[in-house]
Amino acid sequence: MELTITTLKKSILAASIAVLFGSGHAFAKSDDQHKMHQLYQDNCASCHGADHGGYLAPALNSETLKGRSPTALRTLIMTGSFETLMPPFFGRLSDSDIRNMVKHLQTTPKLDNPPWTLQDMKASLKVYVKDVSKLPNKPTFKIDSMDDIIGVAARGKYGRGQGSEAVFINSKTHTIIGKIPTVTAAHIIDFDPANERWAYVKTDTAEIYKVDLYTMQAVRSIKTGWNGPGMGVSRDGKYIMAGSFVPHNAVILDAETLEPLKMFELEGIDPDGKKVSSDSGMIIGTPYADIFAIALENAGQVWVVDLKDGFPVTKIKNVGRHLHDAFLTHKGKKLMVASYDDSIVTAIDLEKRKIIKKLKAGCVPHVGGGAAVKVDGRVLGFGTNFGTCEKTVVSVWDLDKMELVKQIPVSGGTESPAAHANAPYVAVDIITKDRRARTVQLIDKKSLEVVKTLDVGGHAYFPEYSADGKFLYISAGYAGDEVVVYDSTSLKKTANIQMESPAGIFSRGRVKYMTRGLSPDEME
Amino acid sequence: MKTLSYLLISVFALSFSLSSQAASIYAGQSKAAAVCAQCHGIRSTSAEAPFPPLAGRDEEYLESALKQYRNKTRISEIMNNIAGSLSDRDINNIASYYSRLKP
């Protein structure tokens, strides 16, 4: 009931704004297409796609916006959209620009994937620190262990500008150590498993920054595409692999210099027999071998790339319909891949390079960083599910036997689980777009039931434990503008750390335990 | 649960003692999150945003400003419309909430 009332009030508000703003102004006569194209690329493309085909946010083109009221669209651009990342552009873009933008969007078809070639990549390489051998060889700040570092991808309210940065925090003192400006929203942070000083930050617009954690500065950057979150680091720290949604390719970089070494066109036959060009899903390096695994979202394939001469590829086909993210288990030899459209998580044996089994998941499985935990002698995996369906659950699988143990009812759609060997609860973020989005639910590892709901604030998502498991970090994202820290056992609020629209949280401890929740012993 | 009831009691005590109308900072928090925070933020606004922050501002000022926007004695295309959707009680709650937040 509460929900209906809130929604009703909001629609009245939106409608009244729409009526008052829509008082019969005609569009400016000359719509400067070029100017609008540039304005779109500078303000909208990082979320809505450089090709108008959508990315984090809906596709904006003549097809998807057909029949939509220009007045309502103008209002939406001015005020932003509540409970989403869409910011208000009132005061940032002029009224005539907003009106012309609406017209531009409603008349522009989805564009062809703009190319981004190996040459483009090479030309985009920037060097900020010429000689890294002259940098100090230990941290320039006080910290017990570099594993205590937690990186937060702060999006910035507008997905770009001053608020967009990778924020690095000491997870024992809950203080900010350094901030790396990223121009557009930081999205993914990966750490070098072999050398603790390096981290890699990927932005919404596919720039990768190589960050020196000892001195908290970016040393190099390269633009690997137009967008796409996929990025992985090899176990020896020598290679980075990055994949894009636009265009459909992936690239292996030399981690030392960020020079591109080999590009892969992502296309293949999907499970329904159609030849498709594909977005890049997750890319993962594993502690068990010198390989990368990459999911081809639309082709439903997982490719295993050997890190040797020529970077040969083994293709594992028919993994699922619309793959997305994945996590590792069993010393990194097994890979659990989420498949959106058939609501399964497929277990892959990376050693034999074949499918072990397709496991039942909830609706639209999105495993985020994944979570696996040893409980009473068996390894349990926890799978979150993105979709807001009639029944919303978190799946629990026995990863030794590869079978479903339980579907735990939770209060809404979920996006990312967190677990730790030393923490009693598995945290899942509720993302259903109403007041539930403020909350994170905690599942007791033993009873496998939800035992507590935290009201974190903002759009609460991406929970992550500190490396020692003592603290639970959660982003109060969207307009929440802070990271909230809880004691993992008492669940008391311990600290708030201010930043603009925080999203993904990545502990350096992850390189030690491979998948959140596993103990470092699992890697031996 | 104990902490929550304690909090609730102290919040009620606070609101009764500090304000003639019983403003609820809880109701203010939820209204602010739904109506104001998108532009003005909670503790601070975006470094890139053209909107003033509201946290820690004087309660009476916030209340009178919102009422002026609502009855259009203060003109702003966007604020006249947004404030127009708020009741006296909403304004009271929102002002009470933002004024008590540390920026």
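One numbering rule holds for all chains: residues counted from 1, following each sequence as written. Chains and ligands are labelled by the order in which they are written, letters from A for the one and numbers from 1 for the other. Where totals are concerned, whole chains, interfaces and linings use all residues; where local detail is concerned, this predicted model gives features only for residues with pLDDT of at least 70, and gives and counts side-chain atom pairs only at 80 or more.

**So, the overall build of chain B**
Right, on to step 1. A helix here means a DSSP run of H or I that spans at least four residues, while a strand means a run of E at least two residues long, and both kinds are numbered starting from the N terminus. When you go through chain B residue by residue, the secondary structure sums to six helices and zero strands.
Right, on to step 2. N-terminal to C-terminal, the α/β element order of chain B is α-α-α-α-α-α.
Right, on to step 3. Taking all 103 residues of chain B together, the buried fraction comes to 37%.
Right, on to step 4. Two residues qualify as a contact pair if the distance between their C-beta atoms, derived from the backbone, is within 7 Å. For chain B, the share of sequence-separated contacts (at least 6 apart) that also reach a separation of at least 24 residues comes to 62%. Using C-beta atoms placed from the backbone, we call a residue buried if 20 or more other C-beta atoms fall within 10 Å of its own, exposed if 12 or fewer do, and partly exposed for counts in between.

**Things to note about the domain arrangement of chain A**
All names here are of chain A.
Right, on to step 1. Domain segmentation is taken from an automatic or database assignment of domains. Examined at the domain level, chain A breaks down into domain 1 (14-107) and domain 2 (118-523).
Right, on to step 2. Its C-alpha centre places domain 1 at a distance of 32 Å from the equivalent point of domain 2.
Right, on to step 3. Between domain 1 and domain 2, the residue contacts involve ten residues of the former and 17 residues of the latter.
Right, on to step 4. Of the residues that constitute the side of domain 1 that touches domain 2, the class distribution is six nonpolar, two polar and two charged. Under the convention adopted here, Pro, Cys and the residues Ala, Val, Leu, Ile, Met, Phe, Trp and Tyr are nonpolar, Asp, Glu, Lys and Arg are charged, and Gly plus all remaining residues are polar.

**Digging into the interface of chain A and chain B**
Right, on to step 1. Between chain A and chain B, the residue contacts involve 24 residues of the former and 18 residues of the latter.
Right, on to step 2. Sorting elements by how many residues they give to the side of chain A that touches chain B places helix α1 (residues 2-21) of chain A first, with six residues.
Right, on to step 3. Taken together, the residues that form the side of chain A that touches chain B break down as ten nonpolar, ten polar and four charged.

**Examining the pairing of strand β17 (residues 301-306) of chain A**
All names here are of chain A.
Right, on to step 1. A large share of β17 lies buried, amounting to five of its six residues.
Right, on to step 2. Should DSSP find at least two bridges between two strands, the strands are taken to pair. For strand β16 (residues 291-296) and β17, the ladder comprises six bridges, and the chain directions are antiparallel. Within the sheet, the bridge partner assigned to F292 lies in β17 and is V305.
Right, on to step 3. Hairpin connection between β17 and strand β18 (residues 313-316): a loop of six residues separates the two successive antiparallel strands, and G310 in this loop has a positive phi of roughly 80°.

**As for the sheet that holds strand β21 (residues 344-349) of chain A**
Residue and element names in this part refer to chain A.
Right, on to step 1. Spatial ordering of the open sheet is given by β19-β20-β21-β22, a layout of four strands whose pairing is antiparallel. Of all the strands in the sheet, just β19 (323-329) and β22 (354-360) have a single pairing partner and so form its edges. Recorded for the sheet is a direction-independent mean angle of 25° between the axes of neighbouring strands.
Right, on to step 2. Pairing geometry for β19 and strand β20 (residues 334-339), over five bridges, is antiparallel. Pairing of T329 across the sheet is with K334, part of β20. In this analysis an axis means a line fitted to C-alpha atoms, helices contributing only their contacting stretch, and an angle means the value between N-to-C directions, from 0 to 180 degrees.

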